[in-house]
Amino acid sequence: MRAGTVVLYTDQPERRADLVAALEGLAPCAVLAAAAPAPPPPVCGLVADLDLLMPAPFLGLRTLIAAAPDLPRVFLMRSMGARSLSAARGLGAGVCLPADTPAATVAEALRAQDPDRGPDRGVPAGGVTRSAAGPAPRSEAAGRGRPLPGAAVVVQAADRAGAVIAGLLDAARATGTVDAALVEGGLDPVLRAVEERGLSAWLDTVRAYDDATYQHCLLVAGLAATFAIDLGFTERDRQRLVRAALVHDVGKARIPLAILNKDGPLDAAERAVMRDHAALGHAILVQAGGFDDTVLAVVRWHHEHLDGSGYPDGLSGNQIGDVVRLVTVCDIYAALVERRPYRAPMPTPEALKILYGMDGKLDMALVRAFDRAVSRT
Ligand SMILES: [Fe+2]
Ligand SMILES: [Fe+2]
């Protein structure tokens, strides 16, 4: 292993002496409680042995992963059920193993991810389930083999961007504020995955996310990246658009989960509550500081329409800037094509038809450009 500490986040340290001993064979091991902050660098590996279904923000763990997306890591799972795997994915899990995996196998799984081992990363005896992000890992969970390298690239990118979104939403939910610096770790993975593997691979991977908000934000980010690349934006402007897309719905962290995760269409009263997310998100980011005007505008105004029929401020025409208009198109399209428990994803042609039907509300020049961008990939 590279120089540094192996961190073991555990909520049952008294039962993990064997694991600590095995990890000490790799590098000095720091045993931390679930709520402990991230330790100082260098850190060369991470093992999470936590009940992920507990309502805890795991901020130290998230910070560690966001700061070093390539950090070798193993999540020991109390359950391999969909909810637990979804929670692991939201935290940015790497390899997921059952909690009763022998300590030596856990250590080997960590060592096998060490970048110094080169491209042929070993898989420990006994088998490994990569985190359940996307269709390929789901297949693995069912014991049907490893993902193709191309799929793995997209899965890893979605994991990283998903961890950013999870970190933002959890922090906003728990503390009412967020860390602007955390978002930066999500930009490149989205842009590179879309550029190298295409929008379809991104949509297929992200649609497998169980959590509707993560799925939606990742879809909007991938669509924004595709749009920006197709429009020939500079790298800086591509990042600007993806940054805004990733955080655009941060206000949903303050919406009651019963409404946010409802298994069916919202009624009028619930829709009214849901609409608050735009102004709430804006307030969270203003208070947090560190977000530029573009992000603030997108978060507050991505539900505004050119004819003044949108919310929260009823802006119209030129009051709505270009970047906001771009994200609005991506946002509406994402809502149509995402997978929901109560309806199948809408096919691309139908979703585009709905966008074209919003003449007067959306910028049609942008809708046509968006059509070209998503139809090309
Ligand atoms: Fe929204
Ligand atoms: Fe949205």
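What you see is a predicted model; the values in this text were computed from it and never measured.

## Quick look at the packing of aromatic side chains
Moving on, step 1. By the definition in use, this model includes 2 aromatic pairs.
Moving on, step 2. Taking the centre distance of 5.2 Å and the plane angle of 70° together, the rings of Phe227 and Phe370 count as edge-to-face. One end of the pair, Phe227, is in helix 10 (residues 212-230); the other, Phe370, is in helix 18 (residues 364-376), and 143 residues separate them in sequence. Assigned by exposure class, Phe227 and Phe370 land together as buried.
Moving on, step 3. Where Tyr333 meets Phe370, the ring centres are 5.0 Å apart and the plane angle is 70°; that geometry is what we call edge-to-face. Residue Tyr333 is located in helix 16 (residues 322-337), and its partner Phe370 is located in helix 18; the two are separated by 37 residues in the primary sequence. Neither residue differs from the other here; Tyr333 and Phe370 are each classed as buried.

## Let's talk about the pairing of strand 2 (residues 29-32)
For a regular strand, side chains alternate in direction, first toward one face of the sheet and then toward the other.
Moving on, step 1. Looking at chain direction, strand 1 (residues 5-10) and strand 2 are connected through 4 bridges and run parallel. Bridging from a neighbouring strand, Val6 pairs with Cys29 of strand 2.
Moving on, step 2. In terms of handedness, the path from strand 1 via helix 1 (residues 17-24) over to strand 2 forms a crossover that is right-handed.

## Some words on the coordination of the iron ion (ligand 2)
When a metal holds four donors in a tetrahedron, each ideal angle between them is 109.5 degrees; when it holds six in an octahedron, the ideal angles are 90 or 180 degrees.
Moving on, step 1. Binding of the iron ion (ligand 2) to the protein goes through His216 (NE2), His248 (NE2), Asp249 (OD) and Asp331 (OD), at separations of 2.1 to 2.2 Å.
Moving on, step 2. Seen from the iron ion (ligand 2), its 4 donor atoms lie at angles of 79 to 169°, and the figure they make is irregular.
Moving on, step 3. Linear spacing of the donor residues for the iron ion (ligand 2) on their chain is H-x31-H-D-x81-D.
Moving on, step 4. The distance between the iron ion (ligand 2) and the iron ion (ligand 1) comes to 3.3 Å, with Asp249 serving as a donor to both metals. In this pair, His216 sits in helix 10 while His248 sits in the loop between helix 11 (235-247) and helix 12 (257-260), placing the two residues 32 residues apart along the sequence.
Moving on, step 5. Overall, the relative accessible area of 4% leaves His216 in the buried class.
Moving on, step 6. On the basis of relative accessible area, His248 is assigned to the buried category, the value being 0%.

Conventions we followed
Residues numbered from 1 in each chain as written. Chains lettered and ligands numbered in written order. Predicted model: local features only at pLDDT ≥ 70, side-chain atom pairs only at ≥ 80, totals over all residues. Heavy atoms only, no water. Phe/Tyr/Trp six-rings, centres within 6.5 Å; stacked < 30°, edge-to-face > 60°. Helix = DSSP H or I, 4+ residues; strand = E, 2+ residues; numbered from the N terminus. Buried < 20%, exposed > 50% of the residue type's maximum accessible area, 1.4 Å probe, protein only. Pairing = 2+ DSSP bridges. Right-handed = clockwise from strand over helix to strand, strands pointing away. Donors = N, O, S within 2.8 Å, 3.2 Å for Na, K, Ca; no water. Tetrahedral: all angles 85-135°; square planar, octahedral: opposite > 155°, others 65-115°.

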